[in-house]
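Chains, contacts and geometry: an overview
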Amino acid sequence: MGSFTDTVAAVTGSGSGIGRTTAIEFADRGASVLVTDVDVDGGEETVAQIEDAGGEARFLEVDVTDPDATQEMVDVAVEAYGRLDYAFNNAGIGGAQTPVTEYDSDDWRSVIDVNLVGVFNCMKPEIAQMQTQDGGGVVVNNSSILGQVGFEASSGYVAAKHGVLGLTKTAALENGETGVRVNAVCPGFIETPLLESGGITSDPEMRKQIEGLHAMNRLGTPQEVADAVCWLCDDEASFVTGEALGVEGGYLSR
Ligand code: NAI
């Protein structure tokens, strides 16, 4: 496991779930972490957990749908810590669970706005900053297994997550020689508040059915995703860019 001493990481949507666990993992490995979220209480709780463990973090309220806010995120990281080495663009919502024919157009747009436009809004200032600094940097976007295959009644989410992979590959090509690597993780179903709000973990029957879609017949943990994100950021992954790394217990092997 690589050390991130004297490095700086920013994680969107780190007031909960996968984002919180990844922010804590970055800090545990020695990075200073900028925790951002629309959920102020959740974000401050993440910072408190990092500080209690002896790490360095601060919180900034950032709505990823607002390009001024994502620019401010990068500016604050640089003002506070001098640079931005790693960015995990993780903030996301589940959206409606309804077929295409019944999906409200405004709801559909709002999933695209957070889950796809939000990633673009973050990447733009992050990569611009990383291109200017010695040693470049690494961007990791949170896509999903649903960035690679369809899932009934989730068209907004699935379209956004497929889009994140296209965006990741394109930025990787643009940055092949700039010292900035750009990758994505594609988690399977991970036990977080997002699944609870979607009724998946609260309904035992549905949980069993979803678990069974993975070859390992279980849900993943936020820690398993955090470890993959940190590996992609580490120098051990120095020849890895444009990759969509599955963390999915064999879901996509069927
Ligand atoms: P979560 O609901 O626990 O955390 C998501 C966080 O994003 C929350 O703190 C929320 O306040 C924040 N957020 C929502 N809208 C935002 C906005 N406009 N700006 C800034 N922050 C915002 O969910 P979880 O499961 O940790 O999800 C994190 C990411 O992982 C999402 O992109 C999700 O699509 C992705 N993912 C989750 C999977 C799962 O099974 N839980 C599977 C594959 C991908």
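Here, every reference points to the structure presented above.
The backbone of Ala 153 sits at a positive phi, close to 65°, despite the residue not being glycine. Despite not being glycine, Asn 217 has its phi angle at roughly 55°, a positive value. Here Asn 217 lies in the loop between α7 (204–211) and α8 (222–233). A relative accessible area of 49% places Asn 217 in the partly exposed class.

Next up on the list: the layout of surface pockets. Here the largest pocket is characterised by a volume of approximately 1100 Å³. Elements represented by at least two residues in the lining of the largest pocket include exactly α1 (17–28), α4 (105–132), α5 (155–174), α6 (193–197) and α7. Ranked by residues supplied to the lining of the largest pocket, first place goes to α6 with 4 residues. Residue classes in the lining of the largest pocket are distributed as 23 nonpolar, 21 polar and 5 charged. Of the volumes computed, that of the second largest pocket is approximately 360 Å³. Lining the second largest pocket are 23 residues; nearest its centre among them are Gly 137, Val 138, Gly 179, Arg 181 and Ser 238. Going through the elements one at a time, β5 (137–142) and β6 (180–187) are the ones with two or more residues in the lining of the second largest pocket.

Attention shifts here to the pairing of strand β3 (residues 56–61). Pairing analysis gives 6 bridges linking strand β2 (residues 32–37) to β3, with the strands arranged parallel. Within the sheet, the bridge partner assigned to Val 33 lies in β3 and is Ala 57. A crossover links β2 with its parallel partner β3, the connecting element being helix α2 (residues 40–52), and its sense is right-handed.

Here we take up α5. Its 20 residues place the ends of α5 29 Å apart at the C-alpha level, agreeing with the 28 Å of an ideal helix rising 1.5 Å per residue. Along α5, the residues classified as buried are Ser 155, Gly 156, Tyr 157, Val 158, Ala 160, Lys 161, Val 164, Leu 165, Thr 168, Ala 171 and Ala 172.

All right, on to α4 then. Along its 28 residues, α4 runs 40 Å from first to last C-alpha, staying within 8% of the 40 Å computed at 1.5 Å per residue. Of all bends in α4, the biggest is about 35°, found at Asp 113. One side-chain oxygen of the residue at the start of α4 lies 3.1 Å from the amide nitrogen of Asp 106, identifying that residue as Asp 104.

Calculation rules
- Residues numbered from 1 in each chain as written.
- Predicted model: local features only at pLDDT ≥ 70, side-chain atom pairs only at ≥ 80, totals over all residues.
- Heavy atoms only, no water.
- Helix = DSSP H or I, 4+ residues; strand = E, 2+ residues; numbered from the N terminus.
- Buried < 20%, exposed > 50% of the residue type's maximum accessible area, 1.4 Å probe, protein only.
- 1 Å grid on protein atoms, 1.4 Å probe; cavity = no way out; pocket = protein on both sides within 12 Å on 5 of 7 lines; lining within 4 Å.
- Points joined across faces, edges and corners; volume = space filled by probe spheres on them.
- Nonpolar A, V, L, I, M, F, W, Y, C, P; charged D, E, K, R; others polar.
- Pairing = 2+ DSSP bridges.
- Right-handed = clockwise from strand over helix to strand, strands pointing away.
- Expected span 1.5 Å × (residues − 1).
- Bend = angle between axes of the 7 residues up to and from the residue.
- Polar contact = N/O pair within 3.5 Å; in protein donor to acceptor, adjacent residues only side chain to side chain.

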